[in-house]
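Observations on the three-dimensional arrangement
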Amino acid sequence: MLNSENITIITAASETTEHLAVTLESLAQQTVAVGSILIALPALAEESTEFQALTQLAGSMEKRMPLTWLTATETGRRARRSLALANVPQDATVIMMLDEGISLAPEAMANLVYFWNSQTSPPAGVGCNLQVASPTDQQEDDAISQQHPGEKQEQSSGLSALFSSADHPPGKLLVNGYNTALHNLSKSRRTEWLPGQAVAWRRDILESYALPRLMNETMSYEDLLFSYPIGREEPLFICASARATQQAAAPPLNFEQAREEGCIAVLRRNLLVSTYKNFSLPRFYAMIITESFKQIITAAGPKTIQIGRALGAFEGLSRCLKARLLRRPPISICK
């Protein structure tokens, strides 16, 4: 039986307070209290304006929730997350990874605990039901992230229709490696993967499974690489009544950044598809080509984000094919 007091929440924060304040305010308004909240920060000079702003935020929040502030000596979000994991209290049996900028509905934690306890055996992980306000905007991000549109939009996805004759439920991975939407769900369901923005994991799962060693700090397809192997062995769920929203959007990419992200996305998806025999590499390659041409066709100009992603995807695909011809393992080219 899970009690909210046995949950620790981890947030790997940036050096600004805007996104973090959104998340902390939503945690302060929860109807049940969690055992601890760990905020892992990058190293900052005490005289900096960023440090002063974080100090003020800490002062305003410390009496409203059980906060612990940690400072990482290494750069990078993964280093901050590792620091927080090393400081989780012994009595915590569930650890929730919560991105800054995510706002939980007031009943989210209570509903997640109720759902967790309603299962016949403890789940490996339960994700919150992320509400996407603008599905059209999210569709433009398909080439570099898992932030696909909601349940209804997924059913009519052009890509899934192209490579399969039947509709697929949310949280499914198709034979070509395409992962169907997990946003705006109307009911709770078991899934094959979990988006990483707000997920509660059993502690022993985080201690047993590790993300492949990736060189780039971008979050593109990181949650898919981590959660899919777990979902093959243990039950993963999305709790529909544990609602969350992305209140603080990430800054837009420029052309070169989009190109890099497009390449990384292909390399990481290739790693997943190459690892498990239930996927088809030819269909994966065909999907990447289709995605890329779709980006080019819908682009408004030669230096747009869509063109950057498409060019990056073609570069990534070229690297995948070359590595396969040279018999190099997919992890060796993955960023």
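Details of the structure are given in the entry above.
Below you will find a few notes about this structure. (Residues numbered from 1 in each chain as written. Predicted model: local features only at pLDDT ≥ 70, side-chain atom pairs only at ≥ 80, totals over all residues. Heavy atoms only, no water.)

Some points on the overall build of the chain
- Looking only at helices and strands, the chain has 12 helices and nine strands in total.
- In the chain, which comprises 335 residues, the share counted as buried stands at 53%.
- By sequence separation, contacts in the chain at least 24 residues apart represent 78% of the contacts at least 6 residues apart.
- A total of about 15,600 Å² of accessible surface is found on the chain, and carbon and sulfur atoms cover 53% of it. (Helix = DSSP H or I, 4+ residues; strand = E, 2+ residues; numbered from the N terminus. Buried < 20%, exposed > 50% of the residue type's maximum accessible area, 1.4 Å probe, protein only. Contact = heavy atoms within 4.5 Å. Areas by Shrake-Rupley, 256 points an atom, 1.4 Å probe, with all protein chains shown as cover.)

Here's the deal with helix H4 (residues 108-118)
- If you check which residues of H4 are buried, you get Ala108, Met109, Ala110, Leu112, Val113, Phe115 and Trp116.
- Looking at the packing, one finds that the buried side of H4 touches strand S1 (7-12), strand S4 (94-98), strand S5 (102-104), strand S6 (125-131), strand S8 (198-202) and strand S9 (236-246).

Brief notes about the packing of helix H10 (residues 255-275) against helix H11 (residues 281-298)
- Between H10 and H11, the shortest axis-to-axis distance is 10 Å and the interhelical angle comes to 160°. Here H11 runs roughly antiparallel to H10, going by the angle between their axes. Along this stretch, H10 crosses H11, giving a crossing that reads as right-handed. The segment H10 lies against H11, with Val266, Arg269, Asn270, Val273 and Ser274 engaging Leu281, Phe284, Tyr285, Met287, Ile288 and Glu291.
- A class-by-class count of the residues in the contact of H10 with H11 yields seven nonpolar, two polar and two charged. (Axes fitted to C-alpha atoms, helices over the stretch in contact; angles between N-to-C directions. Parallel < 35°, antiparallel > 145°, perpendicular 65-115°, else oblique. Left-handed = near helix turned anticlockwise from the far one by under 90°. Nonpolar A, V, L, I, M, F, W, Y, C, P; charged D, E, K, R; others polar.)

Description of a nonpolar patch on the surface
- A contiguous nonpolar patch, built from Ile289, Phe293, Ile296 and Ile297 and spanning about 380 Å² of accessible area, is present on the exposed surface.
- If you trace the backbone, isoleucine 296 turns up in helix H11. (Patch = residues over 30% accessible without salt bridge, like charges linked within 9 Å, V, L, I, M, F, W, Y side chains within 5 Å. Salt bridge = Lys/Arg side-chain N within 4 Å of Asp/Glu carboxyl O.)

Concerning the pairing of strand S3 (residues 67-71)
- Sheet topology places strand S2 (residues 36-41) next to S3; five bridges connect them, and they run parallel. Bridge assignment links alanine 40 to a residue of S3, and that residue is leucine 70.
- For the handedness criterion, the β-α-β arrangement of S2, helix H2 (residues 49-61) and S3 is classed as right-handed. (Pairing = 2+ DSSP bridges. Right-handed = clockwise from strand over helix to strand, strands pointing away.)

Focus on unusual backbone geometry
- For asparagine 184, which is not glycine, the phi dihedral falls at a positive 55°.
- Position of asparagine 184 among the secondary structure elements: in the loop between helix H7 (158-163) and strand S7 (189-191).
- Here asparagine 184 falls in the partly exposed class, since its relative accessible area comes to 22%.
- Phi angles above zero are rare outside glycine, and tyrosine 221 is one such case at about 60°.

Points about the state of the cysteines
- For the coordinates displayed, the defined rule picks out zero disulfides.
- Just so you know, cysteine 128 is unpaired, no disulfide at all, and the nearest cysteine sulfur is the one on cysteine 239, 7.4 Å from it. (Disulfide = S-S within 2.5 Å.)

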